[in-house]
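Close look at the chain arrangement
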Amino acid sequence: MSDGGPAVRRLADWNRERLLSLADEFGSPLYVTDLQRVRENCARLLSAFPDAHVSYAVKAHAGRAVLETVRETDIDAECASAGEVERALAAGFPGDRIRYTAVNPPAADLDHVVERWEENPELTITVGATDTIDRLRERGFDGRLCLRANPGIGAGHHEKVRTGAHAKFGIPIDRVSDLAAGVRDEFDLVGVHAHAGSGISGDDLSAHRELVRRMGDLARSVGDLEFVAVGGGFGVPYREDEPALDLATVADATREALGGTDAQLAIEPGRYVVADAGVLLSRVNTVKAVPETTVVGIDAGMTSLLRPAMYDAYHAISNLSRPDTETVPTIVAGPVCETSDVFADGRPLSRPERGDLLALGNAGAYGYEMASTYNSRPRPAEVVLDGDEFRLARRRETLDDVTSLERTASEHPHTDQAPHNL
Ligand SMILES: *Cc1c(COP(=O)(O)O)cnc(C)c1O
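Because the structure is predicted, anything quoted here is derived from the model rather than measured.

Moving on to the pairing of strand β10 (residues 264–267). The two faces of the sheet receive side chains in turn, since in a regular strand these alternate between them. As defined by bridge partners, strand β2 (residues 53–57) adjoins β10 across two bridges and the pair is classed as parallel. Across the sheet, residue histidine 53 finds its bridge partner in β10, namely alanine 266. Sheet topology note: the strand β9 (residues 227–229)/β10 ladder contains three bridges and is parallel. Bridging across to β10, alanine 229 finds its partner in alanine 266. Once you follow β9 into helix α9 (residues 247–258) and on to β10, the crossover reads as right-handed.

Here we come to the environment of proline 105. Positionally, proline 105 belongs in the loop between β4 (98–102) and α5 (107–119). The sequence separation of proline 105 and serine 81 amounts to 24 residues, and the corresponding C-alpha distance is 7.7 Å. With near-sequence residues (within four places) excluded, proline 105 lies in contact with Tyr100, Leu110, Thr132 and Arg135.

What follows concerns the site of the ligand. Neighbouring residues of the ligand: 13 residues in total, closest Lys59, Ser198, Glu268, Arg271 and Tyr366. Contact between the ligand and tyrosine 366: an oxygen atom at 2.5 Å from a side-chain N or O atom of the residue. Summarising the interface, the protein chains cover 92% of the accessible area of the ligand, which totals 390 Å² for the free molecule. Residue composition of the shell around the ligand, by class: three nonpolar, six polar and four charged.

Moving on: the nonpolar core. One broad trend across soluble globular proteins is that nonpolar side chains are buried collectively. Membership of the largest hydrophobic core comes to 86 residues, with the highest contact counts inside it found for Phe49, Tyr56, Val70, Ile98, Leu147, Val192 and Met215. Take this core: its biggest share by element is eight residues, from helix α8 (residues 205–222). Among all residues touching phenylalanine 49, those that are not within four sequence positions of it are Phe234, Leu247, Val250, Ala251, Thr254, Leu265 and Ile267. In terms of nonpolar packing, the next biggest core, distinct from the first, is built from 18 residues, Leu11, Leu20, Ala23 and Leu357 among them.

Per the UniProt entry, the sites bearing "active site" (unreviewed entry) are Cys337 in this numbering. Within the element layout of this structure, cysteine 337 appears in the loop between β14 (327–333) and β15 (342–350). Residue classification places cysteine 337 among the exposed residues on the basis of a relative accessible area of 73%.

Let us look at the UniProt feature "modified residue: N6-(pyridoxal phosphate)lysine" (unreviewed entry) in the chain. UniProt records the feature "modified residue: N6-(pyridoxal phosphate)lysine" (unreviewed entry) at Lys59, using the numbering of this structure. Within the secondary structure, lysine 59 sits in the loop between β2 and α3 (64–71). Aside from chain neighbours lying at most four places away, what touches lysine 59 is Ala80, Glu84, Tyr366 and Glu369.

Reading the values: rules and limits
Residues numbered from 1 in each chain as written. Predicted model: local features only at pLDDT ≥ 70, side-chain atom pairs only at ≥ 80, totals over all residues. Heavy atoms only, no water. Pairing = 2+ DSSP bridges. Helix = DSSP H or I, 4+ residues; strand = E, 2+ residues; numbered from the N terminus. Right-handed = clockwise from strand over helix to strand, strands pointing away. Contact = heavy atoms within 4.5 Å. Near = heavy atom within 4 Å. Polar contact = N/O pair within 3.5 Å; in protein donor to acceptor, adjacent residues only side chain to side chain. Areas by Shrake-Rupley, 256 points an atom, 1.4 Å probe, with all protein chains shown as cover. Nonpolar A, V, L, I, M, F, W, Y, C, P; charged D, E, K, R; others polar. Core = buried A, V, L, I, M, F, W, Y, C linked by side-chain atoms within 4.5 Å. Buried < 20%, exposed > 50% of the residue type's maximum accessible area, 1.4 Å probe, protein only. UniProt positions renumbered as here; feature names shortened; annotations may be inferred.

Here it is, written out as structure tokens:
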């Protein structure tokens, strides 16, 4: 296992020449993911939480290369859908290293996961509604079950990522003990779970502490559990001058708040594992001087990286083609006809010119995963780095890919849909 490396990798730490040559070779927009950095992030988590069970929230980046890299560490897979369970299995995670957390699960997801559970009886399913327990029972599931509590506490960098207190997620915490007693005979009750949201930073550790305290109380009241999971949400510094999260402090606060329990602490970081392991490279299409600023139009948009449009998220941006020139204030915008298709407003950037290559930092988490084909725009390619080696991990999508699902009326006059899959 590699050492943990620095607490954070900044955009400025990436090798500029290497990124320039990757964009020349593979085109843009291009995601670049460094597997060595993924390993370092895993190593730091494992060493800060030596006695905890650590799972990676696959939804942050479900690419095969990342999943295989995580699998080679002692970190397990936390899956949010049947598709993610499938990808974790395909990447070599055995069933006993996979947890599936069902949030309002479609029937097809439950069918599929229960089928997988029959082949992998050590797989764990986390449920956030008694209704989901009924639906699992109907499918013959009687395996490892974890109850997701709604702890009444949310945390995170944006309203849209605070899940902890939202009625959508989990069973109200004061009902979990009774429910646990009721399902014990029928299922192998292994854990309780909660997730406050994303973006725990040094500032809102108090919310994290309170969530963990409530979960410790819950674990003691339920009793006889294998684990108590307190979610993910470990923040990363998106701004270049923001301090890195001090994992040791978070770990201390977590242990202290949990209190004594036989159940093992479990954490599920997603973002922390991959965010600073990825950058998005994008070329300048258009430079437009307007009286108040310079609008820099680039070939990546909200379809390549949604976070700024969806969460007002900040991503560091640098002009790799002109490292040393003076900066001008800019608006960096994508090619989609939406006002929210803007990556930055008022951002100083080294005098951008058409054809320059820009890099957007911390794009490894919830980057490619949230990409779409809106505006008939094919999704970017992804290259993975590993030491001196690199390879294309996902080819660039083509317009043919985008239209490949379409059927014309003459080809398929009747509704002859195939039986539905995932
Ligand atoms: C999304 C999610 C996580 C990971 O959140 P991060 O902010 O990426 O660490 C963990 N657990 C559950 C249940 C999630 O839905």
